[in-house]
Amino acid sequence: QVPLVESGGGLVQAGGSLRLSCQASGIIFTSDDMGWYRQASGNQRDLVAVITSGGTTLRYADSVKGRFTISRDMAKKMVYLQMNSLKPEDTGVYYCNIKRDYRDYWGRGTQVTVSS
């Protein structure tokens, strides 16, 4: 098990910024894929950003490229998502994810609401 706890969500106006944090417990490995997913009301959970390939590759959904930045601090067991220039369509529950050996570990999510 890899318990994950997200924080940093909230209500923000369009054009604003938020920084999400994800604290992992237990052992994490450089080879773990670490990412953020978003689930809007009634929709599926979609990938927003991920750090993969041993930390050498960052991937983003097209809708957030240039606005969001994912990073991690292995020593602190933290994964971050800096979100700038937020839009109403960024609204949703954001989940932290770790993929290891074909298994998924999820946090409980943090709500982000962007008002127009």
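Quick caveat, the model's predicted, so the values are computed rather than measured.

Undergrad: Any details on the nonpolar core? Residues and values, ideally.
TA: Formed by 27 residues in total, the largest nonpolar core has its most connected members in Trp 36, Leu 81, Met 83 and Tyr 94. Of all the secondary structure elements, the ones that give two or more residues to this core are β3 (18-24), β4 (33-39), β5 (45-52), β7 (68-73), β8 (78-83), β9 (92-100) and β11 (110-115). Apart from residues no more than four positions distant in its own chain, Met 83 is found in contact with Gly 16, Ser 17, Leu 18, Leu 20, Arg 67, Phe 68, Tyr 94 and Val 112.

Undergrad: How would you summarise the side chain of Asp 90 if you had to cite specific residues and measurements?
TA: Considering the arrangement of structural elements, one finds Asp 90 in the loop between β8 and β9. The exposure class of Asp 90 is buried, given its relative accessible area of 1%. Of note is the side chain of Asp 90, whose polar atom sits 3.1 Å from the side chain of Arg 38. Within the structure, the side chain of Asp 90 is placed 2.7 Å from the backbone nitrogen of Lys 87, a separation counted as a polar contact. With sequence-adjacent residues up to four places away left out, Asp 90 is seen in contact with Arg 38, Val 64, Arg 67, Phe 68, Ser 85, Val 112 and Val 114.

Undergrad: A description of the packing of aromatic side chains should follow, citing residues and the corresponding values.
TA: All told, the structure shown has 2 aromatic pairs when counted by the stated rule. Residues Tyr 37 and Trp 106 carry aromatic rings whose centres are separated by 5.0 Å and whose planes lie at 70° to one another, so their mutual orientation is edge-to-face. Remark: Trp 106 occurs in strand β10 (residues 103-106) and Tyr 37 occurs in strand β4; sequence separation between them is 69 residues. Using a relative accessible area of 33% as the deciding quantity, one classes Trp 106 as partly exposed. Here Tyr 95 and Trp 106 contribute two aromatic rings whose centre-to-centre distance is 6.4 Å and whose plane-to-plane angle is 90°, an arrangement assigned as edge-to-face. A residue pair is termed long-range when its members are at least 10 positions apart, and Tyr 95 in strand β9 and Trp 106 in strand β10 qualify at 11 residues. Members of the aromatic cluster, connected to one another through ring pairs, are Tyr 37, Tyr 95 and Trp 106. Lying over the aromatic face of Tyr 80, Arg 19 brings its terminal NZ or CZ to 4.0 Å of the ring centre. Above the ring of Tyr 95, the side-chain terminus of Arg 45 is found at 3.6 Å from the ring centroid.

Rules of the game
- Residues numbered from 1 in each chain as written.
- Predicted model: local features only at pLDDT ≥ 70, side-chain atom pairs only at ≥ 80, totals over all residues.
- Heavy atoms only, no water.
- Core = buried A, V, L, I, M, F, W, Y, C linked by side-chain atoms within 4.5 Å.
- Buried < 20%, exposed > 50% of the residue type's maximum accessible area, 1.4 Å probe, protein only.
- Helix = DSSP H or I, 4+ residues; strand = E, 2+ residues; numbered from the N terminus.
- Contact = heavy atoms within 4.5 Å.
- Polar contact = N/O pair within 3.5 Å; in protein donor to acceptor, adjacent residues only side chain to side chain.
- Phe/Tyr/Trp six-rings, centres within 6.5 Å; stacked < 30°, edge-to-face > 60°.
- Lys NZ or Arg CZ within 6 Å of the ring centre and 35° of its normal.

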